[in-house]
Amino acid sequence: MDFKAQCDADMAVFHNSAEFATVAGFWYDRAWYEAPAVLDHEAAAERQRKSNDNAPGVSELEALVYVAHKDLGFIPERNHEFAIKVAGVTQEYNILKADYEDGEIILELGAYVE
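Conventions we followed
Residues numbered from 1 in each chain as written. Predicted model: local features only at pLDDT ≥ 70, side-chain atom pairs only at ≥ 80, totals over all residues. Heavy atoms only, no water. Patch = residues over 30% accessible without salt bridge, like charges linked within 9 Å, V, L, I, M, F, W, Y side chains within 5 Å. Areas by Shrake-Rupley, 256 points an atom, 1.4 Å probe, with all protein chains shown as cover. Salt bridge = Lys/Arg side-chain N within 4 Å of Asp/Glu carboxyl O. Lys, Arg positive; Asp, Glu negative; His and termini not counted. Charge placed at Lys NZ, Arg CZ, Asp CG, Glu CD. Helix = DSSP H or I, 4+ residues; strand = E, 2+ residues; numbered from the N terminus. Buried < 20%, exposed > 50% of the residue type's maximum accessible area, 1.4 Å probe, protein only. Polar contact = N/O pair within 3.5 Å; in protein donor to acceptor, adjacent residues only side chain to side chain. Contact = heavy atoms within 4.5 Å.

Enquirer: Please explain a negative patch on the surface as it appears in this structure.
Expert: Together, D2, D8, D10, E101 and D102 make up a negatively charged patch on the protein surface. Locating D102 in the fold gives a position in the loop between β5 (89-101) and β6 (104-113).

Enquirer: Quick question: what am I supposed to make of the pattern of salt bridges here?
Expert: Under the criterion given, the structure shown has two salt bridges. The partner of K70 in a salt bridge is D71, with the nearest N and O atoms 3.2 Å apart. Taking relative accessible area as the criterion, D71 reaches 27% and is therefore assigned partly exposed. A salt bridge links D99 to K97; the nearest nitrogen and oxygen atoms lie 3.8 Å apart.

Enquirer: Explain the side chain of H15 to me, please; I cannot follow it from the model alone.
Expert: Take H15: it is sitting in the loop between α1 (3-14) and β1 (22-28). Exposure remark for H15: the relative accessible area of 7% places this residue in the buried category. Side-chain polar atoms of H15 contact the side chain of E104, separated by 3.0 Å. Excluding anything up to four places from it in sequence, H15 contacts A21, P36, Y66, V67, A68, D71 and E104.

Structural data, given as structure tokens:
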């Protein structure tokens, strides 16, 4: 198997809801989508910019979302609202950055919560 084929096989495992991903619901541009996704709050916290400009009682929440383009069917755009529903809990975010690499969509999301 060549390198590209191995990468494709690895991505199939990464985005498989029976192995690694979680099936999540997404609200984007007033439409509902469901797709296997990997949500990573730990990596987002490591990337987080340290700032103390939030009002008292308000904190910043960040997440990274990895989803296969073939599962979602489009690439969400930066500065759009994006809500994620997992296990009955919905969290609204703003898309800070949207990347596309080799069939995978990577979204950096941010929100302020009280």
